[in-house]
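A closer look at the structure
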Amino acid sequence: MTRSLTNIALFAGVACLILLTGFTSSWNSALLIINMGLISAIMAIGVNLQWGFAGLFNIGIMGFVALGGLAAVLVSEPPTEGAWGAGGFQVIGALLLGFATVALTVFVRAKTSGRLQTIATLVILIGGFFLYRAVFDPAVEAIEAINPALQGNLGGLNLPIVLAWPVGGLLAAGAAWIIGKTALGLRSDYLAIATLGISEIVIAALKNEDWLARGVKNVIGLDRPLPNEIDLQQDPAFIEQAAGLGLDPVTASTLYVKLGYSLMFTAVLVLIFVAAQLALNSPWGRMVRAIRDNEVAARAMGKDVTARHLQIFILGSAICGVAGAMMVTLDGQLTPGTYQPLRFTFLIWVMVIVGGSGNNYGAVLGGFLIWFLWVQVEPYGAALMGFVTAPMPDAWWLKDHLIESVAYMRLFTMGLILLLMLRFFPRGLIPER
Amino acid sequence: MGDQFLFAIEVMINGLMAGVLYALVALGFVLIFKASGIFNYAQGVMALFAALTLVGIMEGQVPFSHLINAIFGTKIHHFGWEVPAILAILLTMMIMVFFAWAVNHFVMRHLVNQEPIILFMATIGLAYFLEGVGDLMWGSEIKTLDVGLPQGGSFWIEDMTAGLGSDNFFGFFIDKLDMVATVIAAILVVGLVVFAQYTKQGRAMRAVADDHQAALSVGISLNYIWVLVWSLAGFVALVAGIMWGAKSGVQFSLSLIALKALPVLMLGGFTSIPGAIVGGLIIGVGEKIFEFTVGAAIGGATENWFAYMLALLFLVFRPQGLFGEKIIERV
């Protein structure tokens, strides 16, 4: 079989798996898998750009995804009443003050030398820190005192949440610019540790800075780009249409909303995918791959290695940020406590490696396949157990055992799949051409 | 002496003890990285698995009991015997050796000459797999591990040091277990160094670490050395698992300390055994002291990221780590 036929077969196989879910359990869960699969595929493309095409080892995907989520809150939430008056501007001022302190330090360090430099740096940094705290603390306290059970944060701009997707990308790109400026151009493990560390810091900040996005109290009930199911169910025109299709209004409304999300996410995925493919087949893409394959040779040919690395690192991270904002939109809530490296960093890596690093088709395939397995291994394990134990008469105590034993299947199976994949297809399902 | 100062010392001592654990995990990393160039993400899970197995054997649990019960409709849980700690540790060690052999035979042997990232991903797969197997074999509830190590704070130290501060100071609280852990870790490191320096296998191991091909050409079996190294790492993981399990129960959060070992390695250098120890201690003490002194001023919860920041600083000023080999070139 030729390569392209195999690829089509692989995609068809994954599609069949998802369709099977639709037929055997419910279309609702199938659509849910598709929606998260679309988001996972976008994240995988982002990582694939960085790793597969430029050889940049980013293990802080979680941080960029979380920044995208933060953008969703900051853009779509209505501003908290009185928060800006109580201390919002003061917080912004304090942040600017902190920024100014750093800028001043850099400026002074450039102008002075020797012992004077050390003393001046220390004086500015320590003085700046206390000044910053003096402005920052009362403002934060005032904001967090406003209706803490429901709000206690600054709120956002009250704009449509779809706008948060590009904003999430921008936020992640900003963070990536800072990391890239400091860590790129040095050895590769700098980037690994820098991304890992900064993603932990992003999560720690999200958990602790209550004025920003309520910390571990979570922001729930975010604005939605699509109508609520409950409104659809009360809309006579919709009920009529649903009846015309032979569906009851409750099922029809959930399917309608999920399909809507699917369409929106597909549009974003196609956009990003086409852009990535075009970029990579352009001279720029060839240059990036040349740098990956032999940095020294590329530099000798006059290519600016560090600048290309910085570009593609920012691009990949921005894509992860967009996906993060989309995920929060789909969930309708931001829960910083649930961001864990195993789920948001290494699972994405598994998608890229299993799909085939260096190939965008592979990344998309891996996104869907791995997400499907991650979600469906448990219910299928349960079904298998149920099938095996079905003929047994006294099922009452067995049920507990069943429920207990299938819960472990997920990690076990994921590990097994990854090991088998690497053993037999170390270059992934759809290898780089 | 002021009470604050005494508290700071107490925090520091307890940080040292926490650092011992980081150091033990990092030690396992270094062993495998030196000999085969694999960054073993599964080291933390290996510690967890070893501790789970130890508890399971000691309490006479039936492995895979849930699975067996579910499939055959039986109701077995325990064999009904209890195994003495020493014997159980030996049995666990045998299982870890078998695990080392299996990893090498079924996974790593086939991935020779692959890119480092593929090897790294394989260890992530291994981590997932081992966590799942641990769950299937022994169940997921938090277990208590008691191998007869002393527990609780040492009253003797508390009484001895109570007089140092004012009436509000009740003496240093230092867990006996932590002290034992420190001693055992020290013995372990000395033992490893002696093994590496003076035994035939140890020398072969170092030869492989220095140059694979040269070692191969003088007749050292790479497969044998890799199994040996993974077994040693399994042994270190077992010790770490016992310490951690005795301290806070055998639970699945143990696997997360694998991530903390990364900054430890950055600090100590990827290829240095003393570096792993010193790096672990610095991170352990550093994050506790930082939380104690600066943490309150910047909103707390600094322990999560302090280690990474410290590692970053180190990378800027001393990229090879404290004890690493100076073969690093800045690009």
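Residues numbered from 1 in each chain as written. Chains lettered and ligands numbered in written order. Predicted model: local features only at pLDDT ≥ 70, side-chain atom pairs only at ≥ 80, totals over all residues. Heavy atoms only, no water.

1. Regarding the overall build of chain A
- Per the secondary structure count, chain A includes 18 helices and zero strands.
- Expressed as lengths along the three principal axes of its C-alpha atoms, the size of chain A is roughly 85 × 60 × 45 Å.
- Split by element, the accessible area of chain A, about 19500 Å² in all, is 70% carbon and sulfur. (Helix = DSSP H or I, 4+ residues; strand = E, 2+ residues; numbered from the N terminus. Areas by Shrake-Rupley, 256 points an atom, 1.4 Å probe, with all protein chains shown as cover.)

2. With respect to the domain arrangement of chain A
All names here are of chain A.
- Assigned domains within chain A: domain 1 (3-78 + 155-424) and domain 2 (80-154).
- In this structure, domain 1 and domain 2 have C-alpha centres spaced 35 Å apart.
- Each partner contributes to the interface: domain 1 provides ten residues, whereas domain 2 provides 14 residues.
- Carbon and sulfur atoms supply 50% of the area that domain 1 and domain 2 bury against each other, a total of about 880 Å² over both sides.
- Together, Gly155, Trp211 and Arg214 form the three largest contributors to the area buried by domain 1 at its contact with domain 2, with a combined 71%. (Domains from an automatic or database assignment. Contact = heavy atoms within 4.5 Å. Buried area = accessible area lost by both parts, 1.4 Å probe.)

3. Remarks on the packing of aromatic side chains
- Across all of its chains, the model carries 26 aromatic pairs over all chains by this definition.
- Seen in terms of ring centroids, A:Tyr261 and A:Phe265 are 5.8 Å apart; in terms of plane orientation they differ by 35°. Their pairing is tilted. Residue A:Tyr261 and its partner A:Phe265 are located together in helix H11 (residues 249-281), separated by four residues, close to a single helical turn. A:Phe265 carries the same exposure label as A:Tyr261, and that label is buried.
- Centroid distance A:Phe273 to A:Tyr361: 5.0 Å. Interplanar angle 70°. Geometry classified as edge-to-face. Of this pair, A:Phe273 sits in helix H11 while A:Tyr361 sits in helix H16 (residues 360-389), and the two are 88 residues apart along the sequence.
- Here A:Phe273 falls in the buried class, since its relative accessible area comes to 15%.
- By relative accessible area, which is 38% here, A:Tyr361 ends up partly exposed.
- An aromatic cluster is present here, built from A:Trp51, A:Phe57, A:Phe346, A:Trp349, B:Phe29, B:Phe39, B:Tyr41 and B:Phe120 joined pairwise through their rings.
- Over the face of the ring belonging to A:Phe424 we find A:Arg423, whose NZ or CZ atom lies 4.6 Å from the ring centre. (Phe/Tyr/Trp six-rings, centres within 6.5 Å; stacked < 30°, edge-to-face > 60°. Buried < 20%, exposed > 50% of the residue type's maximum accessible area, 1.4 Å probe, protein only. Lys NZ or Arg CZ within 6 Å of the ring centre and 35° of its normal.)

4. Considerations on empty space enclosed by the protein
Residue and element names in this part refer to chain A.
- The final tally for this structure, using the stated rule, is two cavities of 30 Å³ or more.
- Taken as a whole, the second largest cavity encloses approximately 30 Å³ of empty space.
- The wall of the second largest cavity is formed by Gly60, Gly63, Phe64, Leu67, Ala175, Ile179, Thr195, Ile198, Ser199 and Val202.
- Taken together, the elements giving at least two residues each to the lining of the second largest cavity come down to helix H3 (61-76), helix H6 (164-183) and helix H7 (188-208).
- Looking at the lining of the second largest cavity element by element, the count peaks at four residues for H7.
- Its residues placed into classes, the lining of the second largest cavity shows six nonpolar, four polar and no charged. (1 Å grid on protein atoms, 1.4 Å probe; cavity = no way out; pocket = protein on both sides within 12 Å on 5 of 7 lines; lining within 4 Å. Points joined across faces, edges and corners; volume = space filled by probe spheres on them. Nonpolar A, V, L, I, M, F, W, Y, C, P; charged D, E, K, R; others polar.)

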